[in-house]
Amino acid sequence: MLVRWTPPPRGWFKINFDGSVYHDGSGRASIGGAIRDSAGRVVLAFAEPTEHSTVGIVEARAMIRGLRLALGLGVRRVVVEGDDLVLVQLLRGEETQTRIPAAMQEEIVGLLLRFAGCDVRHVYREGNTVAHTLCRLAY
């Protein structure tokens, strides 16, 4: 099965996000992501270190960063795509188990509600390579 990035519908933008935690004793963690338009053009990208934590929390930080940046750009309709299946299922209402604090979940939901249209989707890592690469570059 071929997994690759696909553009959002016309008039929408797509945020791909990723978080990474090193378990090598270094205490390093990072987030990365990209916001692209329906033609696949990168409108904005981010890659930055973040405080070491669990992978679920770091992934959620990456999503929050991408959502805030999209709102700052005036994006109205957004597809949010990441490879953290647990986080995506939680936000889609398909799962109640979470790896993030309730306050962080509430912050994400509040940000999503600020868009005129939004869709949160899971994508396998192979379809999230730009965000994954940006995340690694932040180290």
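Up top is the structure.
Residues numbered from 1 in each chain as written. Predicted model: local features only at pLDDT ≥ 70, side-chain atom pairs only at ≥ 80, totals over all residues. Heavy atoms only, no water.

Draft legend 1. Region of interest: the overall build of the protein chain. A tally of regular secondary structure across the protein chain gives four helices and five strands. Starting at the N terminus and walking to the C terminus, you meet the elements of the protein chain as β-β-β-α-β-α-α-β-α. Against the 2.2 N^0.38 benchmark of 14 Å for 139 residues, the protein chain shows a C-alpha radius of gyration of 14 Å, consistent with a compact globule. Reported as C-alpha extents along the three principal axes, the dimensions of the protein chain are approximately 45 × 35 × 30 Å. Taken across its 139 residues, the protein chain has 47% of its residues classed as buried. The contacts in the protein chain between residues at least 6 apart in sequence include a share of 70% that link residues at least 24 apart. Carbon together with sulfur atoms contributes 51% to the accessible area of the protein chain, which is approximately 7,100 Å² in total. If the 17 positive side-chain charges of the protein chain are averaged to one point and the 15 negative ones to another, these points end up 8 Å apart. (Helix = DSSP H or I, 4+ residues; strand = E, 2+ residues; numbered from the N terminus. Rg over C-alpha atoms; globule rule 2.2 N^0.38 Å. Buried < 20%, exposed > 50% of the residue type's maximum accessible area, 1.4 Å probe, protein only. Contact = heavy atoms within 4.5 Å. Areas by Shrake-Rupley, 256 points an atom, 1.4 Å probe, with all protein chains shown as cover. Lys, Arg positive; Asp, Glu negative; His and termini not counted. Charge placed at Lys NZ, Arg CZ, Asp CG, Glu CD.)

Draft legend 2. Examining the environment of Asp37 more closely. Topologically, Asp37 is positioned in the loop between strand 2 (29-36) and strand 3 (42-49). The class for Asp37 is buried, based on a relative accessible area of 11%. In this structure, the C-alpha to C-alpha distance between Asp37 and Glu59, residues 22 residues apart in sequence, is 22 Å. When near neighbours in sequence (up to four residues on either side) are disregarded, Asp37 contacts Trp5, Pro8, Trp12, Phe13 and Val43. Reaching out from Asp37, the side chain makes a polar contact with the backbone nitrogen of Arg41 at a distance of 2.9 Å. (Polar contact = N/O pair within 3.5 Å; in protein donor to acceptor, adjacent residues only side chain to side chain.)

Draft legend 3. Spotlight on helix 1 (residues 55-73). Relative to the 27 Å expected for 19 residues at 1.5 Å per residue, helix 1 spans 27 Å between its end C-alpha atoms, a close match to the ideal helical length. The first or second residue beyond helix 1 is Gly74, which carries a positive phi of 85 degrees. (Expected span 1.5 Å × (residues − 1).)

Draft legend 4. View of helix 3 (residues 102-112). Along helix 3, the residues that are buried comprise Met104, Ile108, Leu111 and Leu112. Seen end-on, helix 3 carries its buried residues on one side only, within an arc spanning 100 degrees. Exposed residues lying more than 90 degrees from the buried face of helix 3 are Ala103 and Glu106. Turning to helix 3, the residues buried within the fold contact helix 1, strand 4 (77-82), helix 2 (85-91) and strand 5 (117-122). (Arc of directions from axis to C-beta.)

Draft legend 5. Representation of the packing of aromatic side chains within the structure. For the structure on display, the rule yields zero aromatic pairs. Across the ring face of Trp5, the terminal group of Lys14 is positioned such that the distance to the ring centre comes to 5.1 Å. It is Arg36 that lies over the ring of Trp5; its NZ or CZ is 3.9 Å from the centre. (Phe/Tyr/Trp six-rings, centres within 6.5 Å; stacked < 30°, edge-to-face > 60°. Lys NZ or Arg CZ within 6 Å of the ring centre and 35° of its normal.)

Treat this as a map of the structure, not an account of what it does.
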